[in-house]
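Residue-level structure breakdown
This is what each chain is made of:
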Amino acid sequence: MPLPSSKNKFLKYRFMNSSPYLKTYMPETRWMTTLTFQQMLAKYKKVIVKPVGGSRGQGVFQVSALGNHLYEVHIENRKYKVRGKRQAFALIKSQVGARDYMVQRCISRADINGRPFDMRVIVQRKTNSTHWVVTAKVAKVAGNGYIVSNIERSKGTILPVGTALRYSSLKGHSPHLLQKNLDRVALQSVFRLRELFPGHRIYGFDLALDRHGRVWIIEGNLFPSRSHFRKLADKTMLRRINAYKIG
């Protein structure tokens, strides 16, 4: 059965990447074959390999070049060392079988005490409105030893974005300006994706800040979970999401 377009991460990537404005925020991503895997790994030295139709951080690998033809394959909280790109590819294929995968440039994310984090940003509009609003955003901090920031999978931590930025490695950057940049990129992403999904009223974007404070679009989701916002002591953002859903 073909993957629905709303679940197809590669389709959404290609559509967003075709926007001249968004292209600068999109880490290069290619459909994974033996050749594209080797080309991307040679080009960037560190890549993320993830399922085209995956969710919740399941089945995500990070592959890093260590030098002298040695590569590290990191999945969940486990690491494997192999010699040669072919062996790295073979190890991944032995885990994923015939499922469709894509290979993406790995962004060196900002971190909190060595744990990388990214943001989930929710953008919504009300039923009879064309006005899009960032209704909520939260920081997802990966658990110790994990690469994915999915909280259940990595046993990570949820933090308000302002709190995460204050305690992060981005000490020389204005938290206010960083948040404005996140909001702007999320809204521009919606303006592009609404052409592909007319009538849709909610999006959740996973956005990362690299070690220089630059915004990167990791992926967009048409059916974002609200569980992150239920974990916060302050339920203001959760109430706002719900109000827009029924509005």
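Throughout what follows, the structure given in this document is the object of discussion. By convention here, each chain's residues receive numbers from 1 onward along its written sequence. In view of the model being predicted, local features appear only for residues whose pLDDT reaches at least 70, and side-chain atom pairs are presented and counted only at 80 or more, with totals across whole chains, interfaces and linings using the full set of residues. With hydrogens and water stripped out, all remaining heavy atoms of the structure feed into the side-chain values.

With that out of the way, let us pick up the overall build of the protein. Numbering of helices and strands runs from the N terminus, with a helix taken as a DSSP run of H or I at least four residues long and a strand as a DSSP run of E at least two residues long. From N to C terminus, the protein includes 9 helices and 12 strands. In this description the radius of gyration comes from C-alpha coordinates, and the expected globular size is given by 2.2 Å times residues to the power 0.38. Its C-alpha radius of gyration of 18 Å places the protein within 12% of the 18 Å reference for a compact globule of 247 residues. With the C-alpha coordinates aligned to their principal axes, the bounding extent of the protein is approximately 55 × 40 × 30 Å. A contact between two residues is defined here by any heavy atoms of the two lying within 4.5 Å. By sequence separation, contacts in the protein at least 24 residues apart represent 59% of the contacts at least 6 residues apart. Summing over all exposed atoms, the protein offers an accessible surface of approximately 12100 Å²; the carbon and sulfur share of this is 51%. Asp and Glu are treated as the negative residues and Lys and Arg as the positive ones, with His and the ends of the chain left uncounted. The location of each charge is read from NZ of Lys, CZ of Arg, CG of Asp or CD of Glu. A gap of 1 Å separates the mean positions of the 45 positive and 13 negative side-chain charges of the protein. The Shrake-Rupley method, run with a 1.4 Å probe, gives the accessible areas here. Residue values count only the displayed protein chains as cover.

Another aspect to go through is the pairing of strand β11 (residues 202-209). Note on strand geometry: in a regular strand, side chains alternate between the two faces of the sheet. Within β11, 8 of the 8 residues are buried, leaving the element largely enclosed by the surrounding structure. Accessible area is worked out with a 1.4 Å probe on protein chains only. A residue is then buried under 20% of its type maximum, exposed over 50%, and partly exposed in between. A two-sided burial pattern is seen for β11, the buried positions comprising Ile202, Gly204, Asp206 and Ala208 on one face and Tyr203, Phe205, Leu207 and Leu209 on the other. Think of it this way: DSSP has to see at least two bridges between two strands before they count as a pair. Here 6 bridges tie strand β8 (residues 115-124) to β11, and the two strands are oriented antiparallel to one another. Counterpart to Met119 in the pairing with β11 is Leu207. Across 6 bridges, the pairing between β11 and strand β12 (residues 215-221) is antiparallel. Looking at the pairing, Asp206 lines up with Glu219 of β12. A loop of 5 residues connects β11 with β12, the two strands running antiparallel in sequence, and Gly213 in this loop sits at a positive phi of about 85 degrees.

Ordered by their spatial adjacency, 6 strands build an open sheet running β1-β6-β2-β3-β4-β5, and the pairing between neighbours is antiparallel. The open sheet has two edge strands, β1 (29-31) and β5 (78-83), and neither has a second partner. Each strand axis lies, on average, 25 degrees off the axis of its neighbour in the sheet, ignoring direction. As defined by bridge partners, strand β2 (residues 46-51) adjoins strand β3 (residues 61-67) across 4 bridges and the pair is classed as antiparallel. If you follow Ile48 over to β3, its bridge partner there is Gln62. Here an angle of 0 to 180 degrees is reported between the N-to-C directions of two axes, which are lines fitted to C-alpha atoms, with helices fitted over the stretch in contact.

One non-glycine residue, Asn68, lies in positive phi territory at about 55 degrees. Take Asn68: it is sitting in the loop between β3 and β4 (70-75). Its identity as a non-glycine residue notwithstanding, Asn113 has a phi of 55 degrees, on the positive side. Tracing the sequence through the fold places Asn113 in the loop between β7 (111-112) and β8.

Structurally, Ser189 can be placed in helix α7 (residues 175-196). Separated by 85 residues in sequence, Ser189 and Gln104 have C-alpha atoms that sit 18 Å apart. If we ignore the near neighbours within four places in the chain, the residues touching Ser189 are Met16, Leu22, Phe205 and Ile217.

This part is about the pattern of salt bridges. When their charged atoms lie close together, side chains carrying opposite charge are able to pair. Any Lys or Arg side-chain nitrogen found within 4 Å of a carboxyl oxygen on Asp or Glu counts as a salt bridge. On inspection of all chains with the given rule, the structure shows 10 salt bridges. One salt bridge in this structure joins Arg192 and Glu195, with 3.1 Å as the shortest N-O distance. On the criterion of helical spacing, the pair formed by Arg192 and Glu195 is a turn pair, its members being 3 residues apart in helix α7. Residues joined by salt bridges that share partners form a network here, namely Arg109, Asp118, Arg120, Lys140 and Asp206.

Before going further, it helps to spend a moment on the packing of helix α3 (residues 34-44) against helix α4 (residues 85-96). Relative to each other, α3 and α4 sit at 125 degrees, their axes nearing to 10 Å. As far as their axial angle goes, α4 and α3 are oblique. Remark: the crossing between α3 and α4 carries right-handed chirality. Contacts from Thr34, Phe37, Gln38, Leu41 and Ala42 in α3 reach Lys85, Arg86, Ala88, Phe89 and Ile92 in α4. Should an angle lie under 35 degrees it is considered roughly parallel, over 145 roughly antiparallel, and from 65 to 115 roughly perpendicular; all remaining angles are considered oblique. With the far helix as reference, a near helix turned anticlockwise by less than a right angle produces a left-handed crossing, and one turned clockwise produces a right-handed crossing.

To continue, consider the packing of aromatic side chains. Only rings of Phe, Tyr and Trp enter the pairing, Trp through its six-membered ring, and a pair is recorded when the two centres are within 6.5 Å. The plane angle decides the type: under 30 degrees is stacked, over 60 is edge-to-face, the rest tilted. A full pass over the atoms with the stated rule returns 7 aromatic pairs. Pairing Trp132 with Tyr203 gives two aromatic rings, centres 5.7 Å apart and planes at 50 degrees, and the pair type is tilted. Taken together, the residues span a long stretch of sequence, with Trp132 in the loop between β8 and β9 (133-141) and Tyr203 in strand β11 at a distance of 71 residues. Exposure class is identical for Trp132 and Tyr203. Each is buried. Their ring planes at 15 degrees and their centres at 6.0 Å tell us that Tyr203 and Phe205 sit as a pair that is stacked.

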